[in-house]
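Here are the chains, one letter per residue:
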Amino acid sequence: MSDRGERPGPDADGLPPLAVIVVNWNGAAVLEDCLASLRDADYPDLRVVVVDNGSTDGSAVAARSRHPEIELLETGCNLRWAGGNNVGLRHLAFTGWSGAVLLLNNDTLVPEGSLRRLVSAFAQRPEAWAATPRICYADDPARAWYDGGLVGRWSGWIRHAGIRRLTGHLRSEERFVAWGSGCALLLPPRALAEQGELDEGFHLYGEDTHYCLRIGEAGGRNLHEPRALVLHRVSASVGGGVSPRKAWLRSRSHLRLLRKHWPRRTWPVLFVSQVVFLTGHAVWHLWHGRLQTACAVWQGALDELRGTPYGW
């Protein structure tokens, strides 16, 4: 595993050098396993940059102690996913890095050989400006969490293909998809040069979809390689799958995404579909006795439309 700087070209295996950016915020429970999996990932020329967003749980200190091969950047405050990754991208650019970059969540595990398969598939498709592996639940690896990103161009419904389905029932061939998950998103120099940094206006959620939609609008494509695998401890850092905070953030980011990418001619249909979408989510939470979460679904959308400051 290389510790810094650019490598001039592919190694003996024909694989180009790869940099991985891992953004961490109070990830003591997950970061060590993520870094250990990268150490054992069997990728010949791998550079790992950990961006710590002002953690107070000792995870940054532990990472530096246990993994001296990583580059640790400490921001001193929580810049969230987009801001933290942008710090990592700027650092790589400053040090002269000109290779591909993998944005990787700190609550993931990378099985041995997966990086090789992802980069190899990507290198053979020059039209691809981004690539993602299949992402499965860490506590149920036979079941997919992400198997490609789907977008309803008129409905505005954005979702994961294959979610919660057994992987044996899913397609195994690589294919192009509408968007790639930022949980594990591979970006080549061309995408970074033409699209630049992530949009920090997305407080949390939607930044990855926004970036990939920008790639599509610029003429690039998003590749999905199901034979590469990443395991995800879903929602380990945002308070679980049904917290009011998560529901509020997701609704707000979703509305921001629609306003940025959907043309006005689609808005009449979009309005109806989103009322159905948001109402359905709120009713589902009410059915399960989560009144605060149900309210947060609608509050997030209304706060985005009103331009209410985030406040936290």
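Residues numbered from 1 in each chain as written. Predicted model: local features only at pLDDT ≥ 70, side-chain atom pairs only at ≥ 80, totals over all residues. Heavy atoms only, no water.

1. Considerations on the overall build of the chain
Definition in use: Under the scheme used here, helices are H or I runs from DSSP no shorter than 4 residues and strands are E runs no shorter than 2 residues, and both carry numbers assigned from the N terminus. Between buried and exposed lies partly exposed: a residue is buried under 20% and exposed over 50% of the maximum accessible area for its type, with that area taken using a 1.4 Å probe on protein chains only. We call two residues in contact when some of their heavy atoms are within 4.5 Å. Counted as positive: Lys and Arg. Counted as negative: Asp and Glu, with His and the chain ends omitted from the count. Note that the charge is assigned to NZ on lysines, CZ on arginines, CG on aspartates and CD on glutamates.
Each helix and strand in the chain was counted, giving nine helices and 12 strands. Its C-alpha atoms give the chain principal-axis dimensions of roughly 55 × 40 × 40 Å. Here the chain holds 312 residues, and the buried ones make up 54% of them. Residue pairs in contact within the chain that sit at least 24 positions apart in sequence constitute 77% of those at least 6 positions apart. Averaging the coordinates of the 35 positive side-chain charges in the chain and doing the same for the 32 negative ones gives two points 9 Å apart.

2. Structural notes on the pairing of strand β6 (residues 128-137)
For the record, the criterion: Two strands qualify as a pair provided that DSSP identifies no fewer than 2 bridges between them.
Burial runs high along β6: 10 of the 10 residues are buried. One ladder, built from nine bridges, connects β6 with strand β12 (residues 221-232); its direction is parallel. Residue pairing across strands places Thr-132 opposite His-224, the latter belonging to β12. Sheet topology places β6 next to strand β7 (residues 140-146); three bridges connect them, and they run antiparallel. What sits directly across from Tyr-137, in β7, is Asp-140. The loop that links β6 with its antiparallel partner β7 comprises two residues.

3. So, empty space enclosed by the protein
Here is the rule we go by: Definitions used for this entry: grid spacing 1 Å over protein atoms alone; cavity, a set of points where a 1.4 Å probe fits but cannot get out; pocket, an open set with protein on both sides within 12 Å along at least 5 of 7 lines; lining residue, one with an atom within 4 Å of a point. Grid points are joined across faces, edges and corners, and a volume is the space filled by probe spheres set on the points. In the scheme used here, Gly and all other residues not listed as nonpolar or charged are polar, with Ala, Val, Leu, Ile, Met, Phe, Trp, Tyr, Cys and Pro taken as nonpolar and Asp, Glu, Lys and Arg as charged.
Using the criterion set out here, one finds one cavity of 30 Å³ or more in the structure. In this structure, the largest cavity encloses a volume near 40 Å³. Along the walls of the largest cavity sit Leu-102, Val-110, Ser-114, Leu-115, Leu-118, Pro-133, Ala-184, Ala-228, Leu-229 and Val-230, which together make up its complete lining. When contributions to the lining of the largest cavity are tallied by element, the ones reaching two or more residues are α4 (114-123) and β12. For the lining of the largest cavity, the class distribution of residues is nine nonpolar, one polar and no charged.

4. Some points on the packing of helix α8 (residues 267-287) against helix α9 (residues 291-306)
Rules: Fitted lines through C-alpha atoms serve as axes, helices being fitted only where they are in contact, and the angles separating the N-to-C directions of these axes extend from 0 to 180 degrees. Note on angle classes: values under 35 degrees are labelled roughly parallel, values over 145 roughly antiparallel, values of 65 to 115 roughly perpendicular, and the remainder oblique. Handedness of a helix crossing follows the sense of rotation of the near helix relative to the far helix, less than a right angle counterclockwise being left-handed and clockwise being right-handed.
Taken N-terminus to C-terminus, the directions of α8 and α9 make an angle of 160°; their axes are 7 Å apart at the nearest point. It follows from the interaxial angle that α8 and α9 lie roughly antiparallel. For the pair α8 and α9, the crossing hand works out as right-handed. Here α8 contributes Val-275, Leu-278, Thr-279, His-281, Ala-282, His-285 and Leu-286 to the contact with α9, which in turn contributes Leu-291, Thr-293, Ala-294, Val-297, Trp-298 and Ala-301. Broken down by class, the residue content of the contact of α8 with α9 amounts to nine nonpolar, four polar and no charged.

5. Regarding the environment of Leu-302
Looking at the element boundaries, Leu-302 is found in helix α9. On the basis of relative accessible area, Leu-302 is assigned to the partly exposed category, the value being 36%. In this structure the C-alpha to C-alpha distance between Leu-302 and Arg-233, which are 69 residues apart in sequence, comes to 30 Å.

6. Quick look at the nonpolar core
Test applied: We define the nonpolar core as a collection of buried residues of types Ala, Val, Leu, Ile, Met, Phe, Trp, Tyr and Cys that are connected through side-chain atoms lying within 4.5 Å of one another.
By size, the foremost hydrophobic cluster in this structure holds 81 residues, and its most contacted members are Leu-18, Leu-38, Val-101, Leu-104, Leu-115 and Leu-186. Every residue in contact with Val-101, bar those within four places of it in the chain, is listed here: Leu-18, Ala-19, Ile-21, Leu-89, Leu-92, Leu-185, Leu-186, Leu-187 and Leu-192.

7. Looking at unusual backbone geometry
A positive phi angle, close to 65°, is found at Arg-80, a residue other than glycine. Backbone geometry at Tyr-205 places phi at a positive 80°, although glycine is not the residue there. Structurally, the position occupied by Tyr-205 is in the loop between α5 (189-195) and α6 (207-217).

8. A word on a nonpolar patch on the surface
Which entries qualify depends on this criterion: Two distance rules govern patches: like charges are joined within 9 Å, and nonpolar side chains (Val, Leu, Ile, Met, Phe, Trp, Tyr) within 5 Å, applied only to residues with over 30% relative accessible area and no salt bridge. Surface exposure here means Shrake-Rupley accessible area, sampled with a 1.4 Å probe, where a residue is shielded only by the protein chains that are shown. Here, a salt bridge means any side-chain nitrogen of Lys or Arg that lies within 4 Å of a carboxyl oxygen of Asp or Glu.
On the surface, a cluster of nonpolar side chains totalling about 470 Å² of accessible area is made up of Trp-157, Phe-271, Val-272, Val-275 and Val-276. Mapped onto the elements of the fold, Val-275 is located in helix α8. Assessed through its relative accessible area of 30%, Val-275 is described here as partly exposed.

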